[in-house]
Amino acid sequence: IPYRPYLCMQFLAAYDIYLKIVHAVNKQLQAALKHNTPDWHLLNSCPVCCYKLQDEPTLEFDWLISIDGNNSLK
């Protein structure tokens, strides 16, 4: 297939429009779920995980976090 510059420009324009639509839908979804407030992450965090006692001994690992969708424990 020979290279046609106008097809590249059409694809870039279509992709930019697609990204704008995805961003607008994501913004509306966040607003509908009320996830767009500045303190949403603070209000929906797990306070028990962050709670420490005064005389609690320090552990080698304070938190165990999985970035693979928690599939490493299976």
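Remember, predicted model here, so these are calculated numbers, not experimental data.

S.K.: Mind laying out the overall build of the protein, listing which residues take part and the relevant values?
M.R.: Of regular secondary structure, the protein possesses three helices and zero strands. For the protein, the succession of helices and strands along the chain, N to C, is α-α-α. Here the protein holds 74 residues, and 0% of them are scored as buried. Here the protein has roughly 7700 Å² of accessible surface; of this, 65% comes from carbon and sulfur atoms.

S.K.: So what's going on with helix α1 (residues 5-32)? Residues and values would help.
M.R.: With 28 residues, α1 extends 41 Å between its outermost C-alpha atoms, agreeing within 8% with the 40 Å of an ideal straight helix rising 1.5 Å per residue. Looking one or two residues beyond α1, the residue adopting positive phi is K34, at roughly 60°.

S.K.: Tell me about the packing of aromatic side chains, and please be specific about residues and values.
M.R.: Going through the model one piece at a time under the given rule, you end up with two aromatic pairs. Between the aromatic rings of F11 and Y15, the centroid separation amounts to 6.0 Å while the plane-to-plane angle is 15°, which identifies the pairing as stacked. Of this pair, F11 and Y15 both sit in helix α1, four residues apart, which is roughly one turn of that helix. Residue classification places F11 among the exposed positions, given a relative accessible area of 55%.

S.K.: Now, about a nonpolar patch on the surface: what can you tell me, with residues and values included?
M.R.: There is a patch of nonpolar side chains on the surface, built from M9, F11, L12, Y15, Y18, L19 and V22 and spanning about 710 Å² of accessible area. If you trace the backbone, M9 turns up in helix α1. Residue M9 is classed as exposed on the basis of its relative accessible area of 54%.

S.K.: Lay out the confidence of the model for the protein with the relevant residues and their values.
M.R.: Considering every residue of the protein, the mean pLDDT works out to 84; 82% of them sit at 70 or more. Ranking the elements of the protein by mean pLDDT puts helix α3 (residues 47-50) last with 69 and α1 first with 96.

Procedures and definitions
- Residues numbered from 1 in each chain as written.
- Predicted model: local features only at pLDDT ≥ 70, side-chain atom pairs only at ≥ 80, totals over all residues.
- Heavy atoms only, no water.
- Helix = DSSP H or I, 4+ residues; strand = E, 2+ residues; numbered from the N terminus.
- Buried < 20%, exposed > 50% of the residue type's maximum accessible area, 1.4 Å probe, protein only.
- Areas by Shrake-Rupley, 256 points an atom, 1.4 Å probe, with all protein chains shown as cover.
- Expected span 1.5 Å × (residues − 1).
- Phe/Tyr/Trp six-rings, centres within 6.5 Å; stacked < 30°, edge-to-face > 60°.
- Patch = residues over 30% accessible without salt bridge, like charges linked within 9 Å, V, L, I, M, F, W, Y side chains within 5 Å.
- Salt bridge = Lys/Arg side-chain N within 4 Å of Asp/Glu carboxyl O.
- pLDDT = per-residue confidence, 0-100.

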